[in-house]
Amino acid sequence: SDSASPVDVVGITNAVAIAAGDNVTCAALADGSARCWGSDTTGQLGDGPGIADASVPVVVGVTGVVDIQAAAEHACALSSNGSISCWGANNSHQLGAGIDDAVSGEPRAVVGFR
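Keep in mind that this is a model prediction, so the values were computed, not measured.

Colleague: Can you help me understand the side chain of Ser104 in this one?
Modeller: Relative to the elements of secondary structure, Ser104 occurs in strand 8 (residues 103–109). Engagement of the side chain of Ser104 in a polar contact is seen with the backbone oxygen of Glu106, the distance being 2.7 Å. Excluding residues within four positions of it along the chain, Ser104 makes contact with Thr42, Gly43, Trp87, Gly88, Leu95 and Ile99.

Colleague: Can you help me understand the state of the cysteines in this one?
Modeller: Working definition of a disulfide: a covalent bond connecting the sulfur atoms of two cysteines. Enumeration over the complete set of coordinates arrives at two disulfides. The residue that forms a disulfide with Cys26 is Cys36, at a sulfur-sulfur distance of 2.1 Å. Taking the torsion about the sulfur-sulfur bond, which here is approximately 105 degrees, the covalent link between Cys26 and Cys36 counts as right-handed. In this pair, Cys26 is assigned in strand 2 (residues 24–29) and Cys36 in strand 3 (residues 34–38), connecting sequence segments 10 residues apart. For Cys36, a relative accessible area of 0% gives the class buried.

Colleague: Please clarify how the sheet that holds strand 7 (residues 84–89) should be interpreted in this entry.
Modeller: Where strands meet in a sheet, backbone hydrogen bonds hold them as pairs that are either parallel or antiparallel. Taken in spatial order, the four strands of this open sheet run 5-6-7-8, and their pairing is antiparallel. A single partner strand is all that each edge strand has here, and the edge strands are strand 5 (65–70) and strand 8. Pairs of neighbouring strands in the sheet enclose a mean axial angle of 10 degrees, with direction left out of account.

Colleague: Just to check I follow, could you spell out the pairing of strand 7 for this structure?
Modeller: The side chains of a regular strand alternate between both faces of the sheet. Among the six residues of strand 7, five are classified as buried, and the element is accordingly described as predominantly covered. Sheet analysis places strand 6 (residues 74–79) next to strand 7, joined by five bridges and oriented antiparallel. Directly across from Ala77, in strand 7, lies its bridge partner Ser85. In textbook terms, the turn of a hairpin is the stretch between consecutive antiparallel strands, and for strand 6 and strand 7 this stretch comprises four residues, one of which, Gly82, has a positive phi near 90 degrees. Bridging between strand 7 and strand 8 involves four bridges; their strand directions are antiparallel. Its bridge partner lying in strand 8, Gly88 is registered against Ser104.

Conventions adopted
Residues numbered from 1 in each chain as written. Predicted model: local features only at pLDDT ≥ 70, side-chain atom pairs only at ≥ 80, totals over all residues. Heavy atoms only, no water. Helix = DSSP H or I, 4+ residues; strand = E, 2+ residues; numbered from the N terminus. Polar contact = N/O pair within 3.5 Å; in protein donor to acceptor, adjacent residues only side chain to side chain. Contact = heavy atoms within 4.5 Å. Disulfide = S-S within 2.5 Å. Buried < 20%, exposed > 50% of the residue type's maximum accessible area, 1.4 Å probe, protein only. Pairing = 2+ DSSP bridges. Axes fitted to C-alpha atoms, helices over the stretch in contact; angles between N-to-C directions.

Rendered as structure tokens:
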């Protein structure tokens, strides 16, 4: 339900970066992992195939994360080794992974970044 005042996010205590898209929010954690919560209609939670919205953060399949960004229907993470991974909608090839799939519920490496 909606809240007029801030609420704690379940399970997030060590965030180093956060990003909010239209219907998804993601956090990069101090241990290099990432979590997302909200809508999963285009795989933007990054926790694998399927369409299951999450009211609490789910683990994204990336490691070494130092920064994270979320857009309308996809998200991307920058890892400490300089690689970038993106997941979610790919109908305009916004994942940069050289794939033609319209959606990827799993993080895909962006071509040309380590």
